[in-house]
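Spelled out, the chains give:
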Amino acid sequence: MFTAAQTLRGSAAKKRLSFLNVLCYTVYEVMDVRFKPFVFDRMNRQIPVSIVPMTQADAELTNLPPVWQTSWTSEYLMEECFEKYAARVDDELIALGAYEILSNSLVVHIVYMEAQPESNPNLDDGKPKYTGVGRLMIAYGIKLSIDNGFAGDVVLEAKTTELARHYERDFGAVRLPVFASSAPRYLIADEAAKRILFTYLS
């Protein structure tokens, strides 16, 4: 189970370390780098977050008032092939994320992520309880990519035009070719992925 001070897994092999091997960390120091997730509250203070595997109780909570935008007990999101995680501030569930490890493509697919209603831009009336939730859940996908021996690459879909602009502008996402009638798919990799992940490393 992961805690608020999650250690990046990996060996000393150069291909695993190349992603993190920048000027502020040596090859030896990187093994001591820790992933420390956080969000910001309404006072713009950093609030520590723990990220743990999602439970059935977490999924069922999305159906209770205040109802989440999506039911996480849906057949699609309950697929066993997805790894699902819950982000918490103390005992408060603030976000859920579903990730798909695509070993053949050497990438992690961020299937879906959602903030609690109080912090969801579509539901919070412009007064979010916490901000930085989406960036954190993307960073966790990047961490999963590294943990699985990939290069930190993640892909995700933009369900709306506004989201697409957000991914491009704020996360450095690059649009991928789409060969079917589906939502635009974006890749976050290389320097863009580093910038996101390094926000949470110390």
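The structure displayed is predicted, hence computed values, not measured ones. (Residues numbered from 1 in each chain as written. Predicted model: local features only at pLDDT ≥ 70, side-chain atom pairs only at ≥ 80, totals over all residues. Heavy atoms only, no water.)

Q: Where do I start with the pattern of salt bridges in this structure?
A: A side chain of one charge can pair with a side chain of the opposite charge when the charged atoms of the two come close. With the rule as written, the count across this model stands at seven salt bridges. One salt bridge in this structure joins Glu191 and Lys194, with 3.5 Å as the shortest N-O distance. Separated by three residues within a single helix, Glu191 and Lys194 lie in helix H5 (residues 190–198), roughly one turn from each other. Glu191 gets classed as partly exposed once you look at its relative accessible area, which sits at 47%. Residue Lys194 is classed as buried on the basis of its relative accessible area of 15%. (Salt bridge = Lys/Arg side-chain N within 4 Å of Asp/Glu carboxyl O. Helix = DSSP H or I, 4+ residues; strand = E, 2+ residues; numbered from the N terminus. Buried < 20%, exposed > 50% of the residue type's maximum accessible area, 1.4 Å probe, protein only.)

Q: How do you make sense of the packing of aromatic side chains when you look at a structure like this?
A: Aromatic ring pairs: the centre-centre distance and the angle between the two ring planes describe each pair. By the definition in use, this model includes 11 aromatic pairs. Summarising the aromatic geometry, the rings of Phe35 and Tyr140 are spaced 6.0 Å apart at their centres and angled 55 degrees between planes, so their arrangement reads as tilted. On the criterion of sequence distance, the pair formed by Phe35 in strand E2 (residues 34–35) and Tyr140 in helix H3 (residues 133–147) is long-range, its members being 105 residues apart. By the burial criterion, Phe35 is buried, and Tyr140 matches it. Ring geometry for Tyr167 and Tyr186: centres 6.3 Å apart, planes at 70 degrees, overall edge-to-face. With Tyr167 in helix H4 (residues 161–171) and Tyr186 in strand E11 (residues 185–188), this residue pair connects regions lying 19 residues apart in the sequence. Residue class for Tyr186 comes out buried when judged on its relative accessible area of 2%. Site record: aromatic cluster; members linked through ring pairs are Phe35, Phe38, Phe40, Tyr85, Tyr99, Tyr140 and Tyr200. (Phe/Tyr/Trp six-rings, centres within 6.5 Å; stacked < 30°, edge-to-face > 60°.)

Read these as geometric descriptors, not functional statements.
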